[in-house]
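# Chain and residue survey
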Amino acid sequence: MNAASPVDAAAPFATAPAADIAAAVRGGQVSARAVVEAVLARIAALDPKVNAFTDVTGARARASADALDARRAAGGALGPLAGVPFAVKNLFDIAGLPTRAGSKINRDLPPAAHDAALIARLEEADAILVGGLNMGEYAYDFTGENVHDGASRNPHDLAHMAGGSSGGSGAAIAAGLVPLALGSDTNGSIRVPSSLCGIFGLKPTYGRLSRAHSFPFVSALDHLGPFARSVGDLALAYDAMQGADPDDPVQVPRPVEPVMPTLEAGMDGLRIAVAGGYFRAKGMPEAFAAVDHVAAALGVTRTIEVPEAARARASAYIITAAEGASLHAGRLRTRPQDFDPAVRDRLIAGLAIPAAWVAGAQRFRRHFRDRMLALFDEVDVILAPATPCRAPQLGQTTFELDGETLLVRPNLGLYTQPISFIGLPVAAVPVWLDGGLPIGVQVIAPPWREDLALRVARHLEATGAVRAPVSNI
Amino acid sequence: MSDPTMSGPTMSNSSTPLPPLSDAAVAELLAAGIAAFAIPAEGAWRAEAFSYLRTIADAAQFVLAHDLGDEAEPAAVFRP
């Protein structure tokens, strides 16, 4: 009887948590090359169904894995993400590829000369990049649909949206194609796909992680962060990506504040409340049931009013439209026919916004921040829905919320926009209420307290209240 | 005679709420934006862009209706 090949033996690692892969590679139970081959084989077999990847960097991944295995064989130390395959939303620069940012137009750009800063950080921890991921055009999207590359499909039901704009990131994680992915979140683009795909996502504090060498959307609101199927993997990746980067002028000078040491600290001493008012309206029953499920698991009975959340969302809407339009004005003039029409027409509208509207929204932003910080004198963590519904069907353009017919594309983010407007850190946690699709809950913490959001998320995971299984496709 | 622009409890512009922007005014605003940036917008695009700008205008009226006073600082992005 023939012994299993190294790749066959590594097959279970293709869907293993990042922490398990790293431990096995460091311990010599499996080679990084075998893990990479198993992951590349899984991507080749399943990605045609979910359409998460736009680029697979197989040669680069194999070379990185071989170098890592050689280092281990020579007795060298390996990093905390040794041999962990990961992929990035295609607005992250990948050296040698044009940074398409979900667009047709950017494919004509020269190949990126450098990797994005966060790719470099993960590789310094010995993770291995395996490709770029599908996304909504220029990140102006909550659906994960893309007219140029096709929609990212929800791995738990291929007829449904993965969410956006980091749709490929959500789909790749839920389908078990990689254990770790990166995305961006301007108004909800990490939290919405996390909710619809039933996975964990972390939107760190605005200014925490470097955005250097990624394609922007709205500088005033853009965040980058990780997705995973376990909270521990989110924390491992987040800790590896922290640190000052002089190439990002918006990054806030902060010390590295690792979250791993307190991840298992439990709930002792934490004051948690459910967001009421705005966050208990305009959603389908499952959105509120998911929050109630999480609150019950945590023993939370308090409800707290988030003041002026609707105005915060309106302000984010204005700033997004204006800054996005400013960024793309040249392309709108020279290549308007090459945009996704749904993106182009919103950007054209943004060109007409008076500056005073934007200034007013920025003034309100400061005011809202002050109100929210006062709220955090009373509580440590706030719970809110991540999306108003489970994953809509692909191609669905409207839904009915509180008796009002609304567009899906802008309104999937109605609960995420007020929170990212002032850059609060949020862990999105996946809830499975019944046999249907999952839906997420936002675990919201004060600025720079990612540790609190992840600590609560880990407690929920450890007690079985939330989970992120690999889909059965 | 007192200056009417200096009246009101906070002397802020937003102490007088903006009147709702008419559809005609939104259309004028859009036309100006398209002209200012020399966008070769086709008719169907203009109609879609109008509906988005209508929503943005309503959002702006909602935001600016909240009187923050004259001394409210905008959220800074630039740091010297």
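Report follows, based on the coordinates. (Residues numbered from 1 in each chain as written. Chains lettered and ligands numbered in written order. Predicted model: local features only at pLDDT ≥ 70, side-chain atom pairs only at ≥ 80, totals over all residues. Heavy atoms only, no water.)

### A word on the overall build of chain A
Looking only at helices and strands, one finds 15 helices and 13 strands in chain A. In terms of its C-alpha atoms, chain A occupies a principal-axis envelope of roughly 70 × 55 × 45 Å. Burial status across chain A gives 66% buried among its 473 residues. In chain A, 78% of the contacts between residues at least 6 apart in sequence involve partners at least 24 apart. Total accessible area on chain A stands at roughly 14,900 Å², and carbon and sulfur atoms take up 53% of it. Of the charged side chains in chain A, 42 are positive and 47 negative, and the gap between their average positions amounts to 2 Å. (Helix = DSSP H or I, 4+ residues; strand = E, 2+ residues; numbered from the N terminus. Buried < 20%, exposed > 50% of the residue type's maximum accessible area, 1.4 Å probe, protein only. Contact = heavy atoms within 4.5 Å. Areas by Shrake-Rupley, 256 points an atom, 1.4 Å probe, with all protein chains shown as cover. Lys, Arg positive; Asp, Glu negative; His and termini not counted. Charge placed at Lys NZ, Arg CZ, Asp CG, Glu CD.)

### Some points on the sheet that holds strand S5 (residues 200–203) of chain A
All names here are of chain A. Read across the sheet, 11 strands follow the order S1-S3-S2-S4-S6-S5-S12-S13-S9-S7-S8 without closing on themselves; strand pairing throughout is mixed. Because the sheet does not close on itself, it has two edges, and the strands there are strand S1 (53–56) and strand S8 (303–304). Of the pairings in the sheet, the one linking S1 to strand S3 (residues 128–133) comprises three bridges and is antiparallel in character. What sits directly across from Asp 55, in S3, is Gly 132. Most of the contacts of helix H4 (residues 58–73) go to S3, to which it runs at about 165 degrees, and overall it touches S1 and S3. Packing of helix H9 (residues 285–298) onto the sheet brings it into contact with strand S7 (272–275), strand S9 (381–385), strand S12 (426–431) and strand S13 (439–444), and relative to S9 it is tilted by some 150 degrees. (Pairing = 2+ DSSP bridges. Axes fitted to C-alpha atoms, helices over the stretch in contact; angles between N-to-C directions.)

### Some details on the pairing of S7 of chain A
All names here are of chain A. Relative to S9, S7 runs parallel, the two being bridged by three bridges. The residue of S9 that forms the bridge with Ala 273 is Ile 382. As judged from the two bridges shared by S7 and S8, these two strands associate in the parallel manner. Residue pairing across strands places Ala 275 opposite Ile 304, the latter belonging to S8. In this fold, the crossover linking S7 to S8 by way of H9 has right-handed handedness. (Right-handed = clockwise from strand over helix to strand, strands pointing away.)

### Let's talk about helix H6 (residues 167–174) of chain A
Residues and elements named next belong to chain A. With eight of eight residues buried, H6 is to be regarded as a mostly interior element. Within H6 the residues assigned to the buried category are Gly 167, Gly 168, Ser 169, Gly 170, Ala 171, Ala 172, Ile 173 and Ala 174. Directly after H6, the chain includes Gly 176, whose backbone phi takes a positive value near 70 degrees.

### Details of H9 of chain A
With 14 residues, H9 of chain A should reach 20 Å at 1.5 Å per residue; the first-to-last C-alpha distance of 20 Å fits that figure. Count one or two residues on from H9 of chain A and you reach Gly 299 of chain A, which has phi positive near 70 degrees. (Expected span 1.5 Å × (residues − 1).)

### With respect to the environment of Ala 237 of chain A
One can find Ala 237 of chain A in helix H8 (residues 231–241). Owing to a relative accessible area of 0%, Ala 237 of chain A belongs among the buried residues under this scheme.

### Here we look at the packing of helix H10 (residues 309–334) of chain A against helix H2 (residues 43–64) of chain B
At a minimum axis distance of 9 Å, the contact between H10 of chain A and H2 of chain B shows a crossing angle of 130 degrees. In terms of their interaxial angle, H10 of chain A and H2 of chain B are classed as oblique. By crossing handedness, the relation of H10 of chain A to H2 of chain B is classed as left-handed. Residues Ala 310, Arg 311, Ala 314, Ser 315, Tyr 317, Ile 318 and Ala 321 of chain A of H10 of chain A form the contact with H2 of chain B, whose own contacting residues are Tyr 52, Thr 55, Ile 56, Ala 59, Ala 60, Phe 62 and Val 63 of chain B. Residue classes in the contact of H10 of chain A with H2 of chain B are distributed as 11 nonpolar, two polar and one charged. (Parallel < 35°, antiparallel > 145°, perpendicular 65-115°, else oblique. Left-handed = near helix turned anticlockwise from the far one by under 90°. Nonpolar A, V, L, I, M, F, W, Y, C, P; charged D, E, K, R; others polar.)

### Section: the interface of chain B and chain A
Counting residues at the interface gives 35 residues for chain B and 40 residues for chain A. Here chain B meets chain A over a buried area of about 3,200 Å², counting both sides, of which 73% is carbon and sulfur. On the chain B side of the contact with chain A, Trp 45, Tyr 52 and Ile 56 of chain B bury the most area, a combined 19% of that side's loss. If you look at where chain B meets chain A, you find zero salt bridges. For the pair chain B and chain A, the interface holds seven residue pairs in polar contact (both at pLDDT 80 or more). (Buried area = accessible area lost by both parts, 1.4 Å probe. Salt bridge = Lys/Arg side-chain N within 4 Å of Asp/Glu carboxyl O. Polar contact = N/O pair within 3.5 Å; in protein donor to acceptor, adjacent residues only side chain to side chain.)

### What about the nonpolar core?
Residues and elements named next belong to chain A. With 188 residues, the main nonpolar core has Phe 53, Leu 122, Ile 318, Leu 383 and Leu 454 as its most contacted residues. A total of 12 residues in this core trace back to one element, the largest contributor, which is H10. In contact with Leu 454, not counting residues within four places along its chain, are Leu 202, Val 231, Leu 234, Ala 235, Tyr 238, Val 259, Leu 263 and Ala 427. (Core = buried A, V, L, I, M, F, W, Y, C linked by side-chain atoms within 4.5 Å.)

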